[in-house]
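A look at the structure
Chain by chain, the residues:
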Amino acid sequence: MDFTLPADLVAYLGELDRFIAREIKPLEEEDDNIRFFDHRREWARTDFDHGGLPRPEWEALLRKAKDRADAAGHLRFAIPKRHGGKDGSNLWMAVIREHFASKGLGLHNDLQNEHSIVGNFPIVTMLDRYGSGEQKAMIEGSMTGKYRITFGLTEPHHGSDATHMETRAVPASRDDVKGWLISGEKMWTTGMHVASHCALFARTSGNDGDARGITCFLVPAKSEGVRIEEYMWTFNMPTDHPRVSFADVFVPESAVFGEVGRGLSLAQCFVHENRIRQAASSLGAAVYCINESVKYARERKPFGKALSENQAIQWPLVELATQAEMLRLLIRKTAWEMDQMTQAQVEQTLSDKVSMCNFWANRLCCEAADTAMQVHGGIGYSRHKPFEHIYRHHRRYRITEGSEEIQKRKVAGFLFGYMGPGKR
């Protein structure tokens, strides 16, 4: 078995590095844009006078970087060729996302908001696989920024347990147009402040706890009855994660996204590809923290002796480096296996491995960032180093993404046989 990366993948990493140096780094450095990444980053990114939302100039800079990447043919790498992409595989995306995150903070790839010059577009994948003809026509605009589709699954009282959601949709008519009337609440509906639509999940039949009977709807964000109640200030700012209410929101039948009653298939489509790539990014961020710590320990010589000579410094980094190597193999193997399977096969036979990668990568990154802060001493806890930013972001992931509880539940389901191919 050959574990070396394909030569064409290695060559593409080099091409991306050259593009970053030529097009992205100069953009990062002009007009004091570095303020979004140095010790001023949280204040530069956050409009504290307007609910803690991202500042418009921050989001405009991210869009400019994406546009440059799109013009160069990189942004749509993972998108099917029929939509202008390169049919990039999960394996290649895992390697690229780790490579980018291992470089540290920068305009090339920002973990706080999933920005990257090689885009991750799970919503586009959903539109391509499940959308009607009219909905598929939104794919181009979803990549250029014309459309922004948020993800409305989690609820205030049910967290990541979608099968007990309280949001309901019932058949209705308005002005002789058949459709649905939707009422409920959603949490962490990221991006709603600039959204054109929300992919909103609601129960349309069945009982609480049933996987069947949940339907996804593409709801225009400006629909009557849609209201942003509050923006949830988070461990790391800015925030674009609101609580949103839907009060008797009417949508026509054409708003149904996918098959009525089978909406959780769309949710699984979103999370599987998103979470394996998120795991790779978390691994890359952990590697960055480890490498920076090793470098600093070699250079720093308190009392005339290099920190790197102390076993109290060496041993934690040895353990982290070992875990990183093992996790890298699991992520790449899982990503490669995903590329060989249909979505249904992934759900049935590989979902536990995706969960393993996700929760362990987030945990490793938190531990690596915390260790880096300790190794670097006082300066490590300041905002003049990126470790606190990395720690806070991945600590939030461990909570809001369900990475600890929900991912472990899925692994346990496969392990004990009530989920997966051998389910009882």
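Nothing here was measured: the structure is a model prediction, and the numbers come from that model. (Residues numbered from 1 in each chain as written. Predicted model: local features only at pLDDT ≥ 70, side-chain atom pairs only at ≥ 80, totals over all residues. Heavy atoms only, no water.)

**What about the overall build of the protein chain?**
Scanning the protein chain for helices and strands turns up 13 helices and twelve strands. A globule of 424 residues ought to have a C-alpha radius of gyration of about 22 Å, and the protein chain, at 22 Å, matches this closely. Principal-axis analysis of the C-alpha atoms places the extent of the protein chain at approximately 80 × 55 × 40 Å. Within the protein chain, the proportion of its 424 residues that are buried is 54%. Long-range pairs, those at least 24 residues apart, make up 69% of the contacts in the protein chain between residues at least 6 apart in sequence. For the protein chain, the computed accessible surface area is about 19200 Å², with 53% contributed by carbon and sulfur atoms. Averaged over its 55 positive side-chain charges, the protein chain has a centre that lies 3 Å from the centre of its 56 negative ones. (Helix = DSSP H or I, 4+ residues; strand = E, 2+ residues; numbered from the N terminus. Rg over C-alpha atoms; globule rule 2.2 N^0.38 Å. Buried < 20%, exposed > 50% of the residue type's maximum accessible area, 1.4 Å probe, protein only. Contact = heavy atoms within 4.5 Å. Areas by Shrake-Rupley, 256 points an atom, 1.4 Å probe, with all protein chains shown as cover. Lys, Arg positive; Asp, Glu negative; His and termini not counted. Charge placed at Lys NZ, Arg CZ, Asp CG, Glu CD.)

**Focus: the side chain of Thr-204**
Along the chain, Thr-204 turns up in the loop between strand S8 (197-203) and strand S9 (214-220). A polar contact is formed between the side chain of Thr-204 and the side chain of Thr-215, at a distance of 2.7 Å. Setting aside residues no more than four positions away along its own chain, Thr-204 makes contact with Ala-169, Trp-180, Gly-213, Thr-215, Phe-217, Val-260 and Gly-261. (Polar contact = N/O pair within 3.5 Å; in protein donor to acceptor, adjacent residues only side chain to side chain.)

**Structural notes on the packing of aromatic side chains**
All told, the structure shown has eleven aromatic pairs when counted by the stated rule. The interplanar angle of 20° and the centroid separation of 5.9 Å between the aromatic rings of Phe-77 and Trp-92 together place this pair among those described as stacked. Of this pair, Phe-77 sits in the loop between helix H3 (56-71) and helix H4 (90-101) while Trp-92 sits in helix H4, placing them 15 residues apart in sequence. Classification of Phe-77 as buried rests on a relative accessible area of 4%. (Phe/Tyr/Trp six-rings, centres within 6.5 Å; stacked < 30°, edge-to-face > 60°.)

**Let's talk about the nonpolar core**
Ranked by internal contacts, the top residues of the largest apolar core, which has 92 residues, are Phe-201 and Ile-331. When residues of this core are assigned to their parent elements, the largest contribution, 18 residues, is made by helix H8 (residues 263-299). If you look at the next biggest cluster of nonpolar residues, it comprises 18 residues, including Ala-202, Phe-246, Val-249 and Ala-255. (Core = buried A, V, L, I, M, F, W, Y, C linked by side-chain atoms within 4.5 Å.)

**Topic: the packing of helix H1 (residues 7-29) against H3**
The geometry of H1 relative to H3 is characterised by a closest axis approach of 10 Å and an angle of 160° between their N-to-C directions. It follows from the interaxial angle that H1 and H3 lie roughly antiparallel. Relative to H3, the crossing made by H1 is right-handed. Contacts between H1 and H3 involve Phe-19, Glu-23, Ile-24 and Leu-27 on the former and, on the latter, Leu-61, Lys-64, Ala-65, Arg-68 and Ala-69. The residue inventory of the contact of H1 with H3, partitioned by class, reads six nonpolar, no polar and three charged. (Axes fitted to C-alpha atoms, helices over the stretch in contact; angles between N-to-C directions. Parallel < 35°, antiparallel > 145°, perpendicular 65-115°, else oblique. Left-handed = near helix turned anticlockwise from the far one by under 90°. Nonpolar A, V, L, I, M, F, W, Y, C, P; charged D, E, K, R; others polar.)

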